[in-house]
Amino acid sequence: MAKKKKPSLANADGIKIVTKNRKARHLFAISETYEAGMALMGTEVKSLRSGRASLGDAYARILNGEVWLENCHIDEYEMGNRFNHNPLRPRRLLLHRREIKKLTAKVAERGYTLVALAIYFKHNRAKVELGLAKGKKLFDRREDIKKRDEQRQLDRLRRVR
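Caption draft 1: A look at the overall build of the chain. Along the chain, the regular secondary structure elements total four helices and nine strands. Helices and strands appear in the chain in the N-to-C order β-α-β-α-β-β-β-β-β-α-β-β-α. For the chain, the C-alpha radius of gyration of 19 Å lies well beyond 15 Å, the compact-globule estimate for 161 residues. C-alpha extents for the chain along the principal axes are approximately 60 × 60 × 25 Å. By the burial criterion, 28% of the 161 residues in the chain qualify as buried. The contacts in the chain between residues at least 6 apart in sequence include a share of 66% that link residues at least 24 apart. On the chain, roughly 11,600 Å² of surface is accessible, and the fraction owed to carbon and sulfur atoms is 50%.

Right, dumping it as structure tokens:
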């Protein structure tokens, strides 16, 4: 008798999403997105594979020509004993030098920041999606909510007809 295959959590591109920062698109206007690799310890990778991470207040900072991910919480691995990591340690992100220069120029402009949008595995490599973001004002957020509600109403009307 043939074994049944388990459905894969990864999509066709080999991407398995670990966590998303759902609040980021609400609080910020994202103009560009970048994909960066992450320099991690072994216990961090194992913890990510079990889906134990949070991007609540995560952002990226550029220091001395390197990009660092700050405030990203990756839980300690349960069986990591003395080899475990600090859950909130800054993690180095891997980007091309020309991308770092471009980001440095953009972040130097007033109001722009780098926000972590998602952590995922792409072909077994841990990646983080960074967004070049500008903070939204309260009235902008309310306007977005109003547009979304109107679109929902239109979709409902179309389905009824």
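Structure's up, so let's keep going.
Caption draft 2: Structural detail: helix α2 (residues 42–49). Those residues of α2 that fall on the buried side of the exposure criterion are Thr 43, Glu 44, Ser 47 and Leu 48. The buried residues of α2 occupy an angular sector of 140° when the element is viewed end-on, so they sit on one face. The elements touched by buried residues of α2 are β1 (15–20), β3 (53–54), β6 (73–74), β7 (91–94), β8 (112–122) and β9 (125–135). Trailing α2 by a residue or two, Gly 51 shows a phi angle of about 80°, which is positive.

Caption draft 3: How the structure looks around the nonpolar core. Grouped together as the largest cluster of nonpolar side chains are 25 residues, with contacts concentrated most on Leu 48, Leu 69, Leu 93, Ile 119, Val 128 and Leu 130. Mapped onto this core, the elements with two or more residues apiece are β2 (28–38), β5 (66–70), α3 (97–108), β8 and β9. Apart from residues lying up to four places away in sequence, Leu 48 is in contact with Val 18, Leu 40, Ala 53, Ile 74, Ile 119, Phe 121 and Ala 126.

Caption draft 4: Up close: the pairing of β9. As paired strands, β2 and β9 are joined by nine bridges and run antiparallel to one another. Residue pairing for β9: Gly 37 is matched across the bridge by Lys 127. Where β8 lies against β9, 10 bridges are found, and the strand directions are antiparallel. Within the sheet, the bridge partner assigned to Ala 116 lies in β9 and is Leu 130. Hairpin connection of β8 to β9: two residues between the antiparallel strands, including His 123 at a positive phi of 50°.

Caption draft 5: Local environment of the side chain of Thr 43. Assignment of secondary structure puts Thr 43 in helix α2. Once residues within four sequence positions are removed from consideration, Thr 43 is found in contact with Tyr 77, Gly 80, Phe 83, Asn 84 and His 85.

Parameters at a glance
Residues numbered from 1 in each chain as written. Predicted model: local features only at pLDDT ≥ 70, side-chain atom pairs only at ≥ 80, totals over all residues. Heavy atoms only, no water. Helix = DSSP H or I, 4+ residues; strand = E, 2+ residues; numbered from the N terminus. Rg over C-alpha atoms; globule rule 2.2 N^0.38 Å. Buried < 20%, exposed > 50% of the residue type's maximum accessible area, 1.4 Å probe, protein only. Contact = heavy atoms within 4.5 Å. Areas by Shrake-Rupley, 256 points an atom, 1.4 Å probe, with all protein chains shown as cover. Arc of directions from axis to C-beta. Core = buried A, V, L, I, M, F, W, Y, C linked by side-chain atoms within 4.5 Å. Pairing = 2+ DSSP bridges.

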